Amino acid sequence: MNHSYYALRRAVERGDTTFTERVESFLQKIYSDNPRLNALLEVYDTEAIEAAQNWDKLYQRGQPLPPLAGLVYVHKDNIAVAGHRLGAASRILEGYVSPFDATVIERLRNAGAICIGRANCDEFAMGSSNENSAYGPVQHPLLEGYVPGGSSGGSAAAAAAGFCHVALGSDTGGSIRQPAAFCGLYGLKPTYGRVSRYGLIAYASSFDQIGPIAPSLQELIAVYEVIAGFDPKDATTASISLEPFSHEMPPPKRWAFLLPKGLHSEVETAFHSLINKLHNAGMEVESVDFPYWDYLIPTYYILTTAEASSNLARYDGVRYGYRTQEASSIESLYARSRSEGFGREVKRRILLGTFVLSTGYYDAYYTRAQKVRRLLYDYTESLLQRYDVIAMPTSATPPFRLGEKTQDPIQMYLSDLLTVYANLTGHPALQIPLQGFIGLQVMGGLFAENRLFAAAYALDTLAQ
Ligand code: GLN
């Protein structure tokens, strides 16, 4: 079956099917495969069917349909949907129901899209394999025994398993791009400030962005164009206007490749053949020296844990979700609720973040990391003066096995080497499936998402 939304829309117009039938077939797939994959934590079956019936009715009456009528999507468990559970896959938010919609959800609803479920993820979006969820790990839908990537692993697995047309994820250091790569999909981390974070549970506020994951570029772009743009509810969104993507846009010509040492041999081979292809197609391709590899992971983990330790201070057992049964004083209520409610990885990061912000260490770690962040930004801008896009692998390795890295947090952190870069500088980055479960990532100028889409279409043509 062709899973594309646009194919569905044409079939509905020919009278071959209905939006309701399509939602029902997604639901069947979910009922049959989700128990094994654990990609969705909740399925909104009744609501999804009702919404689809509504579009079918309007269509039959000859009324105009909104641009994404009947497009089916899932949201990550850190994006708020009014009246539904919201948990960031953490025990500490047990029982919490969101009273409001995130801006992205509201915009998709107004565009006619149908939300079919809530996707599993790493707790508070901290992780690279979706093994840190309080609701159990997500399985890779196409490689048994492997991780789907993280932290938006449930979103990527749902999109790859045929549960929806598009999945929403969030990306603080790669959590859209890396699982999209591991599952053979497209995934976009928009420019910082392009998409509203209103209604996104904060992990590291100066890094977080919401974005789409999808098997097809056309649908990814359509969803991006609906969710992007200024939002008065998020003061960090930019009021820079959004030009709709057009196929007239020329493909980027000058490509800078960043290839760190230690790439897995399959990744290395895939990239050498890609570089040759681009070269033969007349592109200007250069392998560029990058002096900052050793600084990316430390800088990212200092700054994000600092921000996380502050963002997560609000979970105190009083205001939301889980509260301990055993408290004898207000201090023990806080301490016990947090000890029992947060998982291991989240606690590790709160400790690390509190440490780097503490008196006596603040300048040595936090201030220094901010300076490195600035250097990285300046260097990236200087590269983008000379090149149209910066390209690199999305992950240094193909997907790994479940359990392979859980005992070694440092190994897990190192797997984010190539993705944290774009969040440190704020530039947009698009994951493009290259071959199998190996992905190519292209970064471009601030708010130049369209150039990345043009790059992806150019590669598509090359591959044919
Ligand atoms: N794996 C990275 C981390 O654990 C990225 C997470 C993310 O982008 N949300 O921080």
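Source: prediction; values computed, not measured.

A. Summary view of the pairing of strand β5 (residues 186-189). A two-sided burial pattern is seen for β5, the buried positions comprising Tyr-186 and Leu-188 on one face and Gly-187 and Lys-189 on the other. Bridge count for β5 against strand β6 (residues 209-214) is two bridges, and the pairing is antiparallel. Looking across to β6, one finds that Tyr-186 is bridged to Ala-214.

B. Representation of the packing of helix α4 (residues 103-110) against helix α7 (residues 217-227). Orientation of α4 relative to α7, taken along the N-to-C sense of each, is 115 degrees, at an axis distance of 8 Å. Between α4 and α7, the angle is such that the two are roughly perpendicular. By crossing handedness, the relation of α4 to α7 is classed as right-handed. On α7, the residues that touch Val-104, Arg-107 and Leu-108 of α4 are Val-223, Val-226 and Ile-227. A class-by-class count of the residues in the contact of α4 with α7 yields five nonpolar, no polar and one charged.

C. Up close: the site of the ligand. Around the ligand there are 15 residues in total, and Thr-172, Gly-173, Ser-175, Tyr-203 and Tyr-300 lie nearest to it. A distance of 3.4 Å separates a nitrogen atom of the ligand from a polar side-chain atom of Ser-151. A distance of 2.9 Å is found between an oxygen atom of the ligand and a side-chain nitrogen or oxygen belonging to Arg-349. Expressed as a share of its isolated accessible area of 290 Å², the protein-covered part of the ligand is 100%. When grouped by side-chain class, the residues that make up the shell around the ligand number five nonpolar, seven polar and three charged.

D. Quick peek at the pattern of salt bridges. Scanning all chains against the criterion turns up 17 salt bridges. The partner of Glu-94 in a salt bridge is Arg-91, and the shortest N-O contact between them spans 3.6 Å. A relative accessible area of 37% places Glu-94 in the partly exposed class. By relative accessible area, Arg-91 is classed as partly exposed at 36%. Its salt-bridge partner being Glu-345, residue Arg-348 comes within 2.8 Å of it at the nearest N-O pair. Of the two residues, Arg-348 and Glu-345 both sit in helix α11 (residues 344-356), three residues apart, roughly one turn of that helix. Using a relative accessible area of 31% as the deciding quantity, one classes Arg-348 as partly exposed. Take Glu-345: its relative accessible area is 10%, and that puts it in the buried class. Salt bridges linked by common partners bring Glu-42, Asp-77 and Arg-118 together as one network.

E. Representation of the environment of Gln-431 in the model. By the secondary structure assignment, Gln-431 is in strand β10 (residues 429-435). A relative accessible area of 0% means that Gln-431 is categorised as buried. Here the alpha-carbon distance between Gln-431 and Ala-52, two residues 379 residues apart in the chain, equals 30 Å. Not counting the four nearest positions on each side in its chain, Gln-431 is found in contact with Arg-177, Ala-180, Ala-181, Leu-185, Tyr-186, Gly-187, Thr-394, Gly-439, Leu-440 and Gln-441.

F. A look at unusual backbone geometry. The residue after Gly-150, namely Ser-151, is reached through a cis peptide bond having omega 5 degrees. Along the chain, the position of Ser-151 falls in the loop between β3 (114-119) and α5 (153-160). Positive phi values are uncommon outside glycine, yet Ala-125 reaches one of about 65 degrees. For Ala-125, a relative accessible area of 7% translates into the label buried.

G. Summary view of the environment of Arg-22. Note on placement: Arg-22 falls in helix α2 (residues 19-37). On the basis of relative accessible area, Arg-22 is assigned to the buried category, the value being 7%. As a C-alpha pair, Arg-22 and Val-72 span 50 residues in sequence and 9.0 Å in three-dimensional space. Among the polar contacts made by the side chain of Arg-22, one reaches the side chain of Ser-25 at a distance of 2.5 Å.

Thresholds, definitions, all that
Residues numbered from 1 in each chain as written. Predicted model: local features only at pLDDT ≥ 70, side-chain atom pairs only at ≥ 80, totals over all residues. Heavy atoms only, no water. Buried < 20%, exposed > 50% of the residue type's maximum accessible area, 1.4 Å probe, protein only. Helix = DSSP H or I, 4+ residues; strand = E, 2+ residues; numbered from the N terminus. Pairing = 2+ DSSP bridges. Axes fitted to C-alpha atoms, helices over the stretch in contact; angles between N-to-C directions. Parallel < 35°, antiparallel > 145°, perpendicular 65-115°, else oblique. Left-handed = near helix turned anticlockwise from the far one by under 90°. Contact = heavy atoms within 4.5 Å. Nonpolar A, V, L, I, M, F, W, Y, C, P; charged D, E, K, R; others polar. Near = heavy atom within 4 Å. Polar contact = N/O pair within 3.5 Å; in protein donor to acceptor, adjacent residues only side chain to side chain. Areas by Shrake-Rupley, 256 points an atom, 1.4 Å probe, with all protein chains shown as cover. Salt bridge = Lys/Arg side-chain N within 4 Å of Asp/Glu carboxyl O.

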